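Read off the chains here:
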Amino acid sequence: MILKDSYGRSVTNLRISLTPRCNLKCFYCHAEGEVAPGSLMSAEDIGEIMRVAKHFDMRSIKFTGGEPLMRTDLVKIVSMVPEGMEASMTTNGTILAPLAQDLKDAGLSRVNISMDSLRHDRYKEIAGKDYLSDVLAGVDAAIEAGLTPVKLNVVLMKGINDDEIPDFIQYARDHDHLILQFIELMDEFRDCPYHMELTGLEEELQRTAKTVVTRRMHHRKKYLLDGAEIEIVRPLHNTEFCGHCNRLRVTSDGFLKPCLMRHDNHVSIRGLRGRELEDAFREAVMLREPYYC
C-alpha cells in the first residue's frame, strides 16, 4: 500500500536524520530543518521506522544529519534497512574513507558528498576547517567501494567559489561514476551577498551539452558534457520540486516532518511500534503541503 497525500503525490522516499551533530560549521547549513532537537533515536527505533516504511512500499531510505558518520552505530543501522529498499547517505565525506567499504558491505548503495571548493583556503572559509584532503580521499574510497554513482554536491556562492565551476567540471570528467550537482543557495539566503542565480549557468549547459536528460523525480535536467554529468539543483520555491515531491522526513529526535521548512506540523513517533507507528505515518503524509510558501 503506497501512501498518498491529499494532493495525490505518492510518498516513496524516507529521509532519516541520524544526528544533528557535525564536525564542520558551513555557514549555509539548514540542518535538515531541525530546530533545537532532543536526544537521538536508538538504532532499534530507526529499524522499526524503516520496517513501517517498507510496509508502505517506500522504495528508498536516505540517511542524513548533521553528519551521519558521527554515529558510531551507523554500519549497524545501515544493515537494518529492509531487503528490497535502496539505502543512500548524504555526508560531508571527511571521515568516509575508512568506512566506505564497511558501509557498502552493510548494504549502502551510494552517497552524496558535499564539497564546495577544491582549494584548501576556500574550503576552510566555507566549512570552518580544512578537511579537503580527507573529503577527496572519501570520494575516491566511495568510488572504489562501489558506493556509486557518487553525487558531488557543490553549493555555488557568488564571490566565493563561483570561479571554480570549470575546475569542478574537470574534476567530474576525471572521475568515473561521479555526478556533479551545482546547488543554488537556499532561498532564505537570497538577501545575503553570496546568493547566486543559476539560470545563466543552466542556459550555458543547455547550449553546450551533448545530451540533456530529464529526470523523473522533480523533472530535473541532467546535462552530459564531454565526460561530465551535471545537474542544477534549486531546492525551494520551485513548483516542479514541490509538485513532484515524494519525500517524508524523520528528525533525529523522533518526529515525522512532512515538509522541510515547516516546524509546526511534526508528528511524534518516538517509541511507537506497529499499528500506532503506521497511523502516525498516515497522519504525517496528510499534513504535506502542495508547495513551499
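What you see is a predicted model; the values in this text were computed from it and never measured.

S.K.: Give me the lowdown on helix H9 (residues 274-285), citing residues and values where you can.
M.R.: Taking 1.5 Å per residue, 12 residues should reach 16 Å; H9 reaches 17 Å between its end C-alpha atoms and fits that length. By the burial criterion, the buried members of H9 are Leu277, Glu278, Ala280, Phe281, Ala284 and Val285. Across the axial projection of H9, the buried residues extend over an arc of 155 degrees, all falling on one side. Set apart from the buried face of H9 by more than 90 degrees, the exposed residues are Arg275 and Glu276.

S.K.: Tell me about a negative patch on the surface, residues and numbers included.
M.R.: A cluster of acidic residues, Asp121, Glu125, Asp130 and Asp134, forms a negative patch on the protein surface. Tracing the backbone shows Asp121 in helix H4 (residues 120-127).

S.K.: Give a description of unusual backbone geometry that names residues and reports values.
M.R.: The step from Gly65 to Gly66 runs through a cis peptide bond, and the omega angle for that step is 10 degrees. Summarising the element assignment, Gly66 is placed in the loop between strand E4 (60-64) and helix H2 (74-79). One non-glycine residue, His177, lies in the positive phi region at around 65 degrees. Positionally, His177 belongs in the loop between helix H6 (165-173) and strand E8 (178-184). Overall, His177 belongs to the exposed group, its relative accessible area being 53%. Despite not being glycine, Asp226 has its phi angle at roughly 50 degrees, a positive value. Tracing the backbone shows Asp226 in the loop between strand E10 (221-225) and strand E11 (228-233).

S.K.: Tell me what's going on with the nonpolar core, and back it up with residues and numbers.
M.R.: The biggest cluster of nonpolar side chains holds 75 residues, and the ones touching the most others in it are Leu14, Ile16, Phe63, Leu152, Phe182 and Phe281. The dominant element in this core, judged by the number of residues it contributes, is helix H5 (residues 132-145), at seven residues. Once residues within four sequence positions are removed from consideration, Leu152 is found in contact with Ile113, Met115, Val139, Phe168, Tyr171, Leu178, Ile179, Leu180 and Gln181. Counting eight residues, the second largest nonpolar core, distinct from the first, contains Ile126, Met157, Ile183 and Val233.

S.K.: Before we move on, can you summarise the side chain of Asp253 with the specific residues and values?
M.R.: Within the fold, Asp253 resides in the loop between strand E12 (247-250) and strand E13 (255-257). Separated by 2.6 Å, the side chains of Asp253 and Thr251 make a polar contact.

S.K.: So what about the pairing of E10? Which residues, and what values?
M.R.: When strand E9 (residues 211-214) meets E10, the two strands line up antiparallel, connected through four bridges. Within E10, the residue paired with Thr214 across the bridge is Lys221. Pairing between E10 and E11: four bridges, direction antiparallel. Along E11, the bridge assignment pairs Tyr223 with Ile230.

S.K.: An account of the pattern of salt bridges is needed here, citing residue identities and associated values.
M.R.: Two side chains with opposite charge may pair up if their charged atoms get near one another. The final tally for this structure, using the stated rule, is 16 salt bridges. In this structure, the salt-bridge partner of Glu48 is Arg51, at a minimum N-O distance of 3.0 Å. On the criterion of helical spacing, the pair formed by Glu48 and Arg51 is a turn pair, its members being three residues apart in helix H1 (residues 43-55). Linked through salt bridges whose partners overlap, the residues forming this network are Arg119, Arg122, Asp163, Glu164 and Asp167.

S.K.: Mind laying out the side chain of Arg122, listing which residues take part and the relevant values?
M.R.: Following the sequence through the fold, Arg122 ends up in helix H4. Every residue in contact with Arg122, bar those within four places of it in the chain, is listed here: Ser117, Ile160, Asn161, Asp163 and Glu164.

S.K.: Account for the packing of H1 against H9, naming residues and giving values.
M.R.: One can describe the packing of H1 onto H9 by two numbers: an axis separation of 10 Å at closest approach and a directional angle of 65 degrees. The orientation of H1 with respect to H9, classified from their angle, is roughly perpendicular. The handedness of the crossing between H1 and H9 comes out as right-handed. On H9, the residues that touch Glu48, Ile49, Arg51, Val52, Ala53 and His55 of H1 are Gly274, Leu277, Glu278 and Phe281.

Cut-offs and rules
Sequence order as written defines the numbering, with residues in each chain counted from 1. Whole-chain, interface and lining totals are the exception, using all residues; otherwise, since this is a predicted model, local features are given only for residues with pLDDT of at least 70 and side-chain atom pairs are given and counted only at 80 or more. Side-chain metrics rest on all non-hydrogen atoms present in the structure, leaving aside hydrogens and water. A run of H or I in DSSP counts as a helix once it spans at least four residues, and a run of E counts as a strand once it spans at least two, with each numbered from the N terminus. Expected span, for any helix, means 1.5 Å times one less than how many residues it has. Here the term buried applies to any residue with accessible area under 20% of the maximum for its type, exposed to any over 50%, and partly exposed to those in between, with areas from a 1.4 Å probe on protein chains only. The arc refers to the directions leading from the helix axis to the C-beta atoms. Patch membership needs two things, relative accessible area over 30% and no salt bridge, and members are linked within 9 Å if like-charged or within 5 Å if nonpolar (Val, Leu, Ile, Met, Phe, Trp, Tyr). Here the Shrake-Rupley method, with its probe set to 1.4 Å, supplies the accessible areas, and only the displayed protein chains count as covering residues. When a carboxyl oxygen of Asp or Glu lies within 4 Å of a side-chain nitrogen of Lys or Arg, that pair is called a salt bridge. By the counting scheme adopted, Arg and Lys are positive, Glu and Asp are negative, and His together with the chain ends is not counted. To locate a charge, take NZ of a lysine, CZ of an arginine, CG of an aspartate or CD of a glutamate. We define the nonpolar core as a collection of buried residues of types Ala, Val, Leu, Ile, Met, Phe, Trp, Tyr and Cys that are connected through side-chain atoms lying within 4.5 Å of one another. Residue contacts are defined here by distance: any two heavy atoms, one from each residue, within 4.5 Å place the two residues in contact. Residues adjacent in sequence count toward polar contacts only when both atoms are side-chain atoms; beyond that, a polar contact is any pair of N or O atoms within 3.5 Å, and within protein one must be able to donate a hydrogen and the other to accept it. Each pair of strands is called paired provided DSSP finds at least two bridges between the two strands. Each axis is a line fitted through C-alpha atoms, and for a helix only the stretch in contact is used; angles between axes span 0 to 180 degrees, taken between their N-to-C directions. Angle categories: roughly parallel below 35 degrees, roughly antiparallel above 145, roughly perpendicular from 65 to 115, and oblique for all the rest. Two helices cross in a left-handed way if the nearer one is turned anticlockwise from the farther one by less than a right angle. They cross in a right-handed way if the turn is clockwise.

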